[in-house]
Amino acid sequence: MTACEGFRNLNNNHQKENFMTSINKATVLGYLGNDPAVRSMQSGKEVCNLSIATSTSYKDKNTGVRTSTTEWHKVSVFGPGLIETCKKHLAKGDLIYIEGALKTQKYEKAGAEHKSTEIVVSGYNSKIEIVNCAAWANENKNHNDQINQASPHDYDDDGIPF
């Protein structure tokens, strides 16, 4: 039996036992482009929409100029706990890490069919983490400015044990 046949047999065995045979997971680390937007759906449940920017830079081989491109990611957050966390703790400019599933929806506009892909954050297989809150960054900047302005003579070296 070849390696491919062995893998195929292993995969077939998993399908028979109803094991997961695919993964739909998106991971993004980026900056919030706007404050979270919470709205009510027709069912009465809430959804929180986020817009996250990720950037990539590269150096053009021909010109030597460094170029940066930004990709915007639509994110929909479901679940009362996650939505409440977004409302209370997220703001434009925050660096956040999210894990969710990709979902593509079709819609018609002006007689033409369009598709829109978003990251859905919902349930146990999703995650939102604040990596660097814009408000914290401003507080730390003010604190660091105070430390940098302090004179070296403001510190007593006698209290240092080395």
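Residues numbered from 1 in each chain as written. Predicted model: local features only at pLDDT ≥ 70, side-chain atom pairs only at ≥ 80, totals over all residues. Heavy atoms only, no water.

Residues L50, I52, V75, V77, I96, I98 and I119 are the most contacted members of the largest nonpolar core, which totals 15 residues. Going through the elements one at a time, strand 1 (26–32), strand 3 (46–59), strand 4 (66–77), helix 2 (80–89), strand 5 (95–109) and strand 6 (112–121) are the ones with two or more residues in this core. Residue contacts for V75: discarding those within four places in its chain leaves C48, N49, L50, I52, I98, I119 and V121. (Core = buried A, V, L, I, M, F, W, Y, C linked by side-chain atoms within 4.5 Å. Buried < 20%, exposed > 50% of the residue type's maximum accessible area, 1.4 Å probe, protein only. Helix = DSSP H or I, 4+ residues; strand = E, 2+ residues; numbered from the N terminus. Contact = heavy atoms within 4.5 Å.)

Looking at where N49 falls in the secondary structure, it is placed in strand 3. Of the residues examined, N49 reaches a relative accessible area of 25% and is grouped as partly exposed. Distance from N49 to I83, taken between C-alpha atoms, is 9.3 Å for residues 34 residues apart in sequence. Leave out the neighbours within four places in its chain, and N49 touches P36, A37, R39, V75 and S76. Engagement of the side chain of N49 in a polar contact is seen with the side chain of R39, the distance being 3.3 Å. (Polar contact = N/O pair within 3.5 Å; in protein donor to acceptor, adjacent residues only side chain to side chain.)

For the rest of this paragraph, the subject is the side chain of S116. If you trace the backbone, S116 turns up in strand 6. Here S116 falls in the buried class, since its relative accessible area comes to 16%. Engagement of the side chain of S116 in a polar contact is seen with the side chain of K74, the distance being 3.1 Å. Contacts of S116, omitting those with residues within four sequence positions, involve K74, K103, T104, Q105 and Y107.

Moving on: the confidence of the model for the protein. Looking at the protein as a whole, its pLDDT mean stands at 81, while 70% of the residues score no less than 70. The low-confidence segment residues 150–157, where pLDDT is below 50, has two contacts with residues more than four positions distant or belonging to other chains. (pLDDT = per-residue confidence, 0-100.)

What follows covers the side chain of T54. Mapped onto the elements of the fold, T54 is located in strand 3. A distance of 2.8 Å separates a polar atom in the side chain of T54 from a polar atom in the side chain of H73. T54 has contacts with V28, L29, G30, T69, T70, E71 and H73, leaving out every residue within four places of it along the chain.

It is worth spelling out the pairing of strand 3 at this point. One ladder, built from two bridges, connects strand 1 with strand 3; its direction is antiparallel. Residue pairing for strand 3: Y31 is matched across the bridge by A53. As paired elements, strand 2 (residues 37–40) and strand 3 share four bridges and run antiparallel to each other. Bridged to V38 within strand 3 is C48. The hairpin turn running from strand 2 into strand 3, its antiparallel successor, is five residues long, and G44 in that turn takes a positive phi close to 95°. (Pairing = 2+ DSSP bridges.)

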